[in-house]
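# Observations on the model geometry
Each chain is listed here by its residues.
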Amino acid sequence: MTLTHHTVAIQQVHHILMGARHRGLDVAPLLARAGIAAPLLESPLARISQRQYALLIHALRREMRDEIWGLLSSPLPPGSFGQCMRQLVRCATLGEAMREGFAWYHLLLNDFVPRLSVQGDSAHVQFVLRRASDVRLDYAVKAFMLLGFNTFSWLVARRIPVLGVDYTAEQTGMDSSRVYQVPIRYGQPHVGLWFDARWLDLPVVQSQQSLREFLASSPANLIVRYRDTSSLTERIRRLLRKGLGADMPSLEAVGEALAVTPQTLRRRLREEGRGFQQIKDELRRDAAIDDLLHTQLPLLDIANRVGFSEASTFHRAFKQWTGVAPGEYRLAHGPER
């Protein structure tokens, strides 16, 4: 079976469309350009592919002439990111690149300011608001933080290990980030993250030549690259993928393969905010979505490929995962463009 990519929750589509809707744009043509069926927005559990999400970002940028998708009080002119990156690949270290990049956006952003500070052994990135927050600004800051984090990881050709994430909101029951897979501190003065300051000395290894390829693939590369493949969740996902479609390994078998006891495995997964069954279900869901989008295989064949012996059982599981039946999902999308 081919590599199964992570999928994107439909809530992310709602969030990234907030700017367009605030400006009164018809989002239906934007969704159509990305190959996203509008009825999926009515299903809270629906998922889309990473490619569809990247196409939606492209469509929003083109339509709104704004690299932050209409979420802020004034647009980021097209080409801002590329101009910034041409300066950053000339930097010697990660620390220099982060400071220069934040200084660049300090001049362009009216609603918030990105700042880097070092306190002892810890480097802190904070996003200080220049106006009262709202849902669009909050999402813009968090999206900027994630895309910036992936960009800086690309510059040094390795994922920067994050130690924790700060949110201004009060705790809502989750105590670890699904994106960064690290603890969250709620109720903080600013959105931000922190990491070991020694990583600031990492050399920038990219060049103007590699930058051309990077920009040509943006933003899809910023969505999918530098996921923490060293995390326990990702290591388990890779092991389970090898057995997808047959008898998937049990928790005990995965523990044996990773040389840890089942009790330690459960504890470490809890620390990452995950569960073993949850990882299995998400892998099956993402693999099924890949097949529904990219193949004409009968539903029973897809069911067998993701580990179900009966189409009816697969039908119930898929509807539980996504809110729609697999046949409806395929009919709504058709072949991905």
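Preceding block: the structure.
Residues numbered from 1 in each chain as written. Predicted model: local features only at pLDDT ≥ 70, side-chain atom pairs only at ≥ 80, totals over all residues. Heavy atoms only, no water.

## Focus on the side chain of arginine 47
In this structure, arginine 47 sits in strand S2 (residues 47-48). For the buried arginine 47, which has no salt bridge, the nearest side chain bearing the opposite charge is aspartate 286, at an N-O separation of 4.7 Å. A polar side-chain atom of arginine 47 sits 2.9 Å from the main-chain carbonyl oxygen of threonine 7. Discounting chain neighbours no more than four positions away, the residues touching arginine 47 are Thr7, Val8, Ala9, Leu40, Arg285, Ile289, Thr322 and Tyr329. (Helix = DSSP H or I, 4+ residues; strand = E, 2+ residues; numbered from the N terminus. Buried < 20%, exposed > 50% of the residue type's maximum accessible area, 1.4 Å probe, protein only. Lys, Arg positive; Asp, Glu negative; His and termini not counted. Salt bridge = Lys/Arg side-chain N within 4 Å of Asp/Glu carboxyl O. Polar contact = N/O pair within 3.5 Å; in protein donor to acceptor, adjacent residues only side chain to side chain. Contact = heavy atoms within 4.5 Å.)

## Let's talk about unusual backbone geometry
The linkage connecting serine 218 with the following residue, proline 219, adopts the cis geometry, with an omega of 5 degrees. In this fold, proline 219 is placed in the loop between helix H8 (208-217) and helix H9 (220-224). The phi dihedral of alanine 157 is positive, around 60 degrees, even though this residue is not glycine. Inspection of the secondary structure puts alanine 157 in the loop between helix H7 (135-156) and strand S5 (162-166). Alanine 157 sits in the partly exposed class, given a relative accessible area of 42%. The phi angle at alanine 259 is positive, at roughly 60 degrees, despite the residue not being glycine.

## Some details on the state of the cysteines
As enumerated under the stated definition, the model contains zero disulfides in all. Not engaged in a disulfide, the cysteine cysteine 84 finds its nearest cysteine sulfur in cysteine 91; these two sulfurs lie 8.7 Å apart. Of the residues examined, cysteine 84 reaches a relative accessible area of 4% and is grouped as buried. (Disulfide = S-S within 2.5 Å.)

## Section: the pattern of salt bridges
Applying the stated criterion to the full structure yields eleven salt bridges. The residue arginine 185 makes a salt bridge to aspartate 166 at a minimum N-O spacing of 2.8 Å. Of this pair, arginine 185 sits in strand S6 (residues 184-185) while aspartate 166 sits in strand S5; the two residues are 19 residues apart in sequence, bridging distant segments of the chain. With relative accessibility at 33%, the residue arginine 185 sits in the partly exposed group. Note that aspartate 291 and arginine 305 form a salt bridge whose closest N and O atoms lie 2.9 Å from each other. One end of the pair, aspartate 291, is in helix H13 (residues 276-294); the other, arginine 305, is in helix H14 (residues 299-305), with 14 residues separating them in the sequence. Within this structure, Asp111, Arg131, Asp134 and Arg136 form a network of salt bridges that share partners.

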